[in-house]
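# Residue-level structure breakdown
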Amino acid sequence: MTSSQKASLLSRFKTVKAMIVDIHREIMITLLNLVLQASIRTCIGCGRKRSKNELARFVLAGEKVVFDPAMRLPGRGVYICPAEECLLKGISAKALSRSFRRKIKPEIVSVLKSVMIK
Ligand SMILES: [Zn+2]
């Protein structure tokens, strides 16, 4: 093998190596985004996206909507910023019915509202 053949082979090897590094980086970025997005939820009061930890979670337990401070109750959850403005908008029969995709009775909402908003 001549020295120019060696140099050409080495440069091709470097190109392939750089491509592998790029692919690896792309995969890592994609995985990281998936992990980050997994903990992002939308407040049903203001529509802003926030980390799940910064929001109050509510779940449907039978007919009732209950507050889930430990974030452990089973079922589909909805999220609301712990701010009065968002709670007022989010804890409404309309917003909750839309989010849970089923009719939420106004009387249940008024009980929840009285507990959550002082
Ligand atoms: Zn909000």
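Everything quoted here is computed from the prediction, not taken from an experiment.

Turning our attention to the overall build of the protein chain. What the protein chain contains, in helices and strands, is four helices and five strands. In sequence order, the secondary structure elements of the protein chain are arranged as α-β-β-β-β-β-α-α-α. Whereas a compact globule of 118 residues would reach a radius of gyration of roughly 13 Å, the protein chain reaches 25 Å, over 25% beyond that. Scored against the burial criterion, the 118 residues of the protein chain give a buried share of 14%. If you take every contact in the protein chain between residues at least 6 apart in sequence, the share linking residues at least 24 apart comes to 47%.

This next bit is on the nonpolar core. Generally speaking, nonpolar side chains in soluble globular proteins are found buried as a group. By size, the foremost hydrophobic cluster in this structure holds 14 residues, and its most contacted members are Cys43, Val78, Tyr79 and Ile80. Of all the secondary-structure elements, those providing two or more residues to this core are strand S3 (56-61) and strand S5 (77-80). The contacts of Ile80, once residues within four sequence positions are left out, are Cys43, Ile44, Gly45, Leu55, Ala56, Phe58, Cys86, Leu87 and Gly90.

This part takes up the environment of Ser39. Take Ser39: it is sitting in the loop between helix H1 (3-38) and strand S1 (40-42). With 11 residues separating them along the chain, Ser39 and Arg50 place their C-alpha atoms 8.4 Å apart. Sequence-distant contacts of Ser39, defined by excluding residues within four places in its chain, comprise Ser51 and Lys52.

Before going further, it helps to examine the sheet that holds S5. Strand order across the open sheet formed by three strands is S4-S3-S5, with antiparallel pairing between neighbours. The open sheet has two edge strands, strand S4 (64-67) and S5, and neither has a second partner. The average angle at which neighbouring strand axes cross in this sheet is 30°, direction not considered. Alignment of S3 against S5, held across four bridges, turns out to be antiparallel. Counted as the bridge partner of Val59 is Gly77 from S5.

Bringing the confidence of the model for the protein chain into the picture now. For the protein chain, the average pLDDT comes to 93, and 100% of its residues sit at 70 or higher. When mean pLDDT is compared element by element in the protein chain, S5 scores highest at 96, while helix H4 (residues 106-116) scores lowest at 90.

Let us now look at the domain arrangement of the protein chain. Segmenting the protein chain into domains produces domain 1 (1-38) and domain 2 (41-116). Domain 1 and domain 2 are separated by 46 Å when their C-alpha centres are compared.

Conventions and cut-offs
- Sequence order as written defines residue numbering, which begins from 1 separately in each chain.
- The predicted origin of the model limits local features to residues at a pLDDT of at least 70 and limits the giving and counting of side-chain atom pairs to 80 or more, whereas totals for whole chains, interfaces and linings rest on all residues.
- Starting at the N terminus, helices and strands are each numbered in turn, a helix being any DSSP run of H or I of at least four residues and a strand any DSSP run of E of at least two.
- Here the globule rule is a power law, 2.2 Å times the number of residues to the power 0.38, and the radius of gyration is based on C-alpha atoms.
- The exposure label follows from counting other C-beta atoms within 10 Å of a residue's C-beta, where the C-beta atoms are placed from the backbone and the thresholds are 20 or more for buried and 12 or fewer for exposed, leaving partly exposed in between.
- For every residue pair, C-beta atoms are placed from the backbone, and the pair is scored as a contact if these atoms sit within 7 Å.
- A set of buried residues drawn from Ala, Val, Leu, Ile, Met, Phe, Trp, Tyr and Cys, joined through C-beta atoms within 7 Å, is what defines a nonpolar core.
- At least two DSSP bridges between two strands are required for those strands to pair.
- Inter-axis angles, ranging from 0 to 180 degrees, are taken between N-to-C directions of lines fitted to C-alpha atoms, where helices are fitted over the stretch in contact.
- The pLDDT score gives, residue by residue, the confidence of the prediction method on a 0 to 100 scale.
- Where each domain starts and ends comes from a domain assignment, either automatic or drawn from a database.

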